[in-house]
Amino acid sequence: MKALNCPGCGAALTVRSFGNAVTIVCESCHSILDAKDPNLQILQRFKVATDEVRPLIPLGTRGKMRGTDYEVIGFQRRTIEVDGLPYSWHEYVLFNPYKGFRYLTEYNGHWNDVSILKALPEVHPYGFAPTVRYLGESYRHFQTSKAATSFVLGEFPWQVRVGEAAVVSDYVSPPRVLSSEQAGNEVTWSMGEYITGKDIWKSFRLSGNPPDAVGVYENQPSPLSSETKNIWVAFAGFLLLLVVMMIGFDMIARDEQVFTGAYRYDSNQRGEASFVTDEFDLRGHTSSVEVKTTTDLNNRWIYLNYALINEDTGKAFDFGREVSYYHGYDSDGSWTEGGQNDSVAVPSVPAGRYYLRVEPEGDPGYGVTYYTITVKRDVPQYSFYGLALLALLIPAALLTWRSLSFEHLRWAESDHPPIKWGNDE
Amino acid sequence: MMRSLYMLYGAVVMAVLGVAQFQGWSLARVNEVKNVPRSIRDNPGAYRSIYSSYHHYTGGK
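Described below are features of the structure shown in this document.

Thresholds applied
Residues numbered from 1 in each chain as written. Chains lettered and ligands numbered in written order. Predicted model: local features only at pLDDT ≥ 70, side-chain atom pairs only at ≥ 80, totals over all residues. Heavy atoms only, no water. Core = buried A, V, L, I, M, F, W, Y, C linked by side-chain atoms within 4.5 Å. Buried < 20%, exposed > 50% of the residue type's maximum accessible area, 1.4 Å probe, protein only. Helix = DSSP H or I, 4+ residues; strand = E, 2+ residues; numbered from the N terminus. Contact = heavy atoms within 4.5 Å. Buried area = accessible area lost by both parts, 1.4 Å probe. Salt bridge = Lys/Arg side-chain N within 4 Å of Asp/Glu carboxyl O. Nonpolar A, V, L, I, M, F, W, Y, C, P; charged D, E, K, R; others polar. Expected span 1.5 Å × (residues − 1). Bend = angle between axes of the 7 residues up to and from the residue. Pairing = 2+ DSSP bridges. Axes fitted to C-alpha atoms, helices over the stretch in contact; angles between N-to-C directions. Phe/Tyr/Trp six-rings, centres within 6.5 Å; stacked < 30°, edge-to-face > 60°. Lys NZ or Arg CZ within 6 Å of the ring centre and 35° of its normal.

In a soluble, globular protein the nonpolar side chains are often hidden away together inside. Residues and elements named next belong to chain A. Membership of the largest hydrophobic core comes to 30 residues, with the highest contact counts inside it found for Ile57, Leu104 and Phe204. Listed by contribution, the elements that provide at least two residues to this core are β7 (68–82), β8 (85–96), β9 (100–107), β10 (110–116), β13 (137–156) and α1 (197–203). Excluding residues that lie within four positions of it along the chain, Leu104 makes contacts with Ile57, Met65, His90, Glu91, Tyr92, Leu94, Trp111, Asn112, Asp113, Ile200 and Phe204.

Structure below.
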């Protein structure tokens, strides 16, 4: 560190970069001085009466970036104009006598660790969004704008001036961003990597908390993108397991017919219509019982009150089934409604000796309906596979939607915003 | 973190599915009645199904 005095105001200047700086800005009078001139010639004076910015990391603060100690020696604010509105970000110049310079940028609580590239990226300027390739990675064009320096402080390794402008193009591949800055014929490429304010505060041992990050930044890594991929991989695994389970349960299901009986119901006949079937045994573990009704209905309905009764325990499973079948022809053509057959799965029926109590009902005047009742033990129920699939799909779909929303917010700020559906006005 | 939670959730879904298949669960509307008298076998009309007052469909299109 070297002590000098500002030729503009006489204030003490602290030079931290051991002669590596090209310009120094006086913190008192904001004169921009030529650091290479022994007399510190004043290159520019700028007024900061109303828009002086205090760096979040004070000049002279030391911290460790990627295992190397750096000192903050310079600070500048740069401003772009988009749709007539100014947007500003801050840049910090870091210096290490052995490693040289690197930079930190901050915009709305989003930070980037930036270093100058030593090789030129390969630019592909065509297509909807131009891309650049660097070290095998592809970066998509995000934004091009004219950035002007609006405030400076400390030391800089270039001839800094307030008001100087450069065309800045950003290409993103989160968490990295490649930026080209063109001033005159000179183009400088740099690479930034997203870093959280919390990590910056930790690296520079700053007191308090960093400002909260607002919105989604151009190269901010989506907290959900890798999670989304992982969850779809897990979903595929569960889907496979679901298929294996379906095949397995299909193979071990008894699917055993334990009773069948053919019956006749005459709705014109008065008297008690209810009857009981012969007894049948339900064997094996507690499982489903399928009761299938097959009829000869034709433009009619029949309703069957069923009770599957355990002869030993007196426990009954009571349920009703309507079977109706209608068909005809009208101006739209032929139509059908319902069907002649019906089946229902009675859930979780323990083993035992059972019979069915059946009470048919129908409109008087319909006449005779012939129907067959078939009872099967332990029949696979496929509806639960559908429900399980839905249960597995919903979280994965929700996460994907959230991840897409994040990307939507990111690109909404770019030169290539996502297509807007509907009218905003 | 999210993946672990999803794996746990998925394991629970698969376990419930396994139990549902093994136990023969069904979405059908079935009412369980206890202590049905043995006399039903001789007099089926003495039993009143809770579904006997169900509104019946009365005709097609």
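Residue-level contacts link 48 residues of chain B with 65 residues of chain A. With both sides pooled, the region where chain B packs onto chain A buries about 5,000 Å², and carbon together with sulfur makes up 61% of that total. Taken together, the links from chain B to chain A amount to two salt bridges. With a closest N to O distance of 3.8 Å, Glu279 of chain A and Arg41 of chain B form a salt bridge. Considering only residue class, the side of chain B that touches chain A consists of 24 nonpolar, 16 polar and eight charged.

Turning our eyes to something else, we now look at helix α3 (residues 383–412) of chain A. Taking 1.5 Å as the rise per residue, α3 of chain A with 30 residues should run 44 Å; its terminal C-alpha atoms sit 42 Å apart, in good agreement. Its maximal kink placed at Leu393 of chain A, α3 of chain A deviates by approximately 25°, while the proline Pro395 of chain A follows within four residues. Every buried residue of α3 of chain A is accounted for by Phe384, Tyr385, Ala388, Ala391, Leu392, Ala396, Leu399, Ser403, Phe406, Arg410 and Trp411 of chain A. Structurally, α3 of chain A contributes buried residues whose contacts are with β13, β14 (165–173) and α2 (225–252) of chain A together with α1 (2–23) of chain B.

Residues and elements named next belong to chain A. Sheet architecture is open: four strands sit in the order β17-β26-β20-β24, paired in antiparallel fashion. Unpaired on one side and paired on the other, β17 (256–266) and β24 (341–349) mark the two borders of the sheet. Neighbour-to-neighbour, the strand axes of the sheet open up by a mean angle of 15°, direction not taken into account. In this structure, strand β20 (residues 287–295) lies alongside strand β26 (residues 368–377), joined through seven bridges in antiparallel fashion. Across the sheet, the residue bridging to Val291 is Val375, located in β26.

So, about the packing of aromatic side chains. Residue and element names in this part refer to chain A. Summed over the entire model, instances satisfying the criterion amount to 19 aromatic pairs over all chains. Both rings, one in Phe75 and one in Tyr92, keep their centres 5.0 Å apart while their planes meet at 55°; by these two values the pair is tilted. With Phe75 in strand β7 and Tyr92 in strand β8, this pair connects stretches of sequence that are 17 residues apart. Judged by centre distance (6.0 Å) and plane angle (35°), the rings of Tyr107 and Tyr217 are tilted. Taken together, the residues Tyr107 in strand β9 and Tyr217 in the loop between α1 and α2 connect sequence positions 110 residues apart. Looking at Tyr107, the relative accessible area reads 22%, which means it is partly exposed. The rings of Phe75, Tyr92, Trp111, Phe151 and Trp201 are connected pair by pair, giving a single aromatic cluster. One Lys or Arg, Arg140, reaches over the ring of Trp411 and ends 4.0 Å from the middle of that ring.

Here we come to unusual backbone geometry. In this model, Pro174 of chain A is joined to Pro175 of chain A through a cis peptide bond whose omega is 10°. Along the chain, the position of Pro175 of chain A falls in the loop between β14 and β15 (176–183). Its identity is not glycine, yet Asn299 of chain A carries a phi of approximately 55°, on the positive side. With respect to the element layout, Asn299 of chain A can be found in the loop between β20 and β21 (300–310). A positive phi angle, near 55°, is found at Asn35 of chain B, a position not held by glycine. Mapped onto the secondary structure, Asn35 of chain B falls in the segment after β1 (31–33). Note on Asn35 of chain B: relative accessible area 63%, which makes it exposed.

Glancing now at the pattern of salt bridges. Under the definition given, this model contains 19 salt bridges over all chains. Residue Arg254 of chain A pairs with Glu256 of chain A through a salt bridge whose shortest N-O separation is 3.2 Å. Given the relative accessible area of 37%, Arg254 of chain A is considered partly exposed. Among the salt bridges present, the one from Lys315 of chain A reaches Glu32 of chain B, with a minimum N-O distance of 3.0 Å. Residue Lys315 of chain A is located in the loop between β21 and β22 (316–330), and its partner Glu32 of chain B is located in strand β1; the two belong to separate chains. Classification of Lys315 of chain A as partly exposed rests on a relative accessible area of 23%. One salt-bridge network, held together by shared partners, links Arg66, Arg102, Asp113 and Glu193 of chain A.

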